[in-house]
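Here is what each chain is made of, one letter per residue.
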Amino acid sequence: SYEAFCQEMGLSPDRKTIVFGSEGKLFPQDSEIAEILYEIIEEGGLPADCQLLIRPHYGHKDDVKKFTQLLGKPHVAIDLYNVESRGFKDAWDYSDTFTNRWINTLVHAAVMVNNRSSLSIDAAALDRPTVNIVFDGRVKLPYAKSARRMNEYDFYQEVLNTGGSRKVESREELKQALIDYLNDPTADAKKRG
């Protein structure tokens, strides 16, 4: 249930959960995007009370450290429950417990937010609205280091071209996409299928 999931993750069952999936070392600006999401939630203006669940990239060691500035903030939780598998180079947790928690994260996500991640495909499989970040946080980086370069990757073009997720290029567009999906979680659902 959503209540049990929230209790496990340290969240409130009275708020909708926005999930942010990190890209690990491939996108160091993830910490700024998480901060911006937190600010949007705290400043109000969304159609529902929300909270933020951050999912570090477990295949990139110590990715959770990028988000320490948000630890202990109200309405924020970080999924810290990865138990590293010693038998695999990527140290990912391949347990049933981890898998079940991830499925519950997707099922209970009001909106999934990420940057060119396979998390968009996972979310689409469970018909969860997804927002793809195509900006660099608070600064505009040179193109070679920018989130904008995701537009040139063939593998992700297939995801973006479906129209089943929103591509946002600014904080304002991010907030509007969250408003749209919180108001109507079925928006773009036909394109996700």
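This text goes with the structure placed above it.
An account of the accompanying structure is given in this report. This is a predicted model, so every value here is computed, not measured.

1. Describing the sheet that holds strand β5 (residues 130–133)
Piece 1. Strand order in the open sheet formed by 6 strands is β3-β2-β1-β4-β5-β6, with parallel pairing between adjacent strands. Here the strands that pair on one side only, and so sit at the sheet edges, are β3 (76–78) and β6 (166–168). Ignoring strand direction, the axes of neighbouring strands in this sheet form an average angle of 25°.
Piece 2. The pairing of strand β1 (residues 16–21) with strand β2 (residues 50–55) spans 6 bridges and is parallel. Paired with I18 across the bridge in β2 is L52.

2. Quick word on the packing of helix α2 (residues 30–43) against helix α6 (residues 171–183)
To describe two helices that pack against each other, one gives the angle between their axes and the distance between the axes.
Piece 1. Relative to each other, α2 and α6 sit at 55°, their axes nearing to 11 Å. It follows from the interaxial angle that α2 and α6 lie oblique. Along this stretch, α2 crosses α6, giving a crossing that reads as right-handed. Residues I36, L37, E39, I40 and E43 of α2 form the contact with α6, whose own contacting residues are R171, L174, K175 and L178.

3. Considering helix α3 (residues 96–108)
Piece 1. The end-to-end C-alpha distance of α3 is 18 Å, a good match for the 18 Å that 13 residues give at a rise of 1.5 Å each.
Piece 2. Considered for burial, the residues of α3 that qualify are F98, R101, W102, T105, L106 and H108.
Piece 3. At its buried positions, α3 is contacted by α1 (2–9), β1, β2, β4 (109–114) and α4 (119–125).

4. Examining the packing of aromatic side chains
Piece 1. Enumeration according to the criterion identifies 1 aromatic pair in this entry.
Piece 2. When the ring of F20 is compared with that of F67, the centres are 6.4 Å apart and the planes differ by 80°; the resulting orientation is edge-to-face. On the criterion of sequence distance, the pair formed by F20 in strand β1 and F67 in the loop between β2 and β3 is long-range, its members being 47 residues apart. Neither residue differs from the other here; F20 and F67 are each classed as buried.
Piece 3. It is R55 that lies over the ring of W102; its NZ or CZ is 4.0 Å from the centre.
Piece 4. Sitting above the plane of the Y181 ring, R166 keeps its charged end 4.6 Å from the centroid.

5. Description of α1
Piece 1. For α1, the complete set of buried residues consists of Y2, F5, C6 and M9. The arc enclosing the buried residues of α1, seen along the axis, measures out at 95°, which places them on a common side.
Piece 2. For α1, the secondary structure elements touched by its buried residues are β1, β2, β3 and α3.
Piece 3. Following α1 by one or two positions, G10 has its phi on the positive side, about 80°.

6. Remarks on the pattern of salt bridges
Piece 1. Tallying each qualifying case throughout the model produces 12 salt bridges.
Piece 2. Across the pair E35 and R138 runs a salt bridge, and its minimum N-O distance is 3.5 Å. Within this pair, whereas E35 is found in helix α2, its partner R138 is found in the loop between β5 and α5 (154–161), the two being separated by 103 residues in sequence.
Piece 3. A residue is classified by how much of its surface remains accessible, and R138, at 44% relative accessible area, is partly exposed.
Piece 4. Of the charged contacts in the structure, one is a salt bridge between K175 and E43, with a shortest N-O distance of 3.1 Å. Here the residue K175 occupies a position in helix α6, and E43 occupies one in helix α2, the gap between them amounting to 132 residues.
Piece 5. Each of E35, E39, E43, R138, R171 and K175 takes part in a single network of salt bridges with overlapping partners.

About the thresholds
- Residues numbered from 1 in each chain as written.
- Predicted model: local features only at pLDDT ≥ 70, side-chain atom pairs only at ≥ 80, totals over all residues.
- Heavy atoms only, no water.
- Pairing = 2+ DSSP bridges.
- Helix = DSSP H or I, 4+ residues; strand = E, 2+ residues; numbered from the N terminus.
- Axes fitted to C-alpha atoms, helices over the stretch in contact; angles between N-to-C directions.
- Parallel < 35°, antiparallel > 145°, perpendicular 65-115°, else oblique.
- Left-handed = near helix turned anticlockwise from the far one by under 90°.
- Contact = heavy atoms within 4.5 Å.
- Expected span 1.5 Å × (residues − 1).
- Buried < 20%, exposed > 50% of the residue type's maximum accessible area, 1.4 Å probe, protein only.
- Phe/Tyr/Trp six-rings, centres within 6.5 Å; stacked < 30°, edge-to-face > 60°.
- Lys NZ or Arg CZ within 6 Å of the ring centre and 35° of its normal.
- Arc of directions from axis to C-beta.
- Salt bridge = Lys/Arg side-chain N within 4 Å of Asp/Glu carboxyl O.

Function cannot be read off these values alone, since they describe shape.
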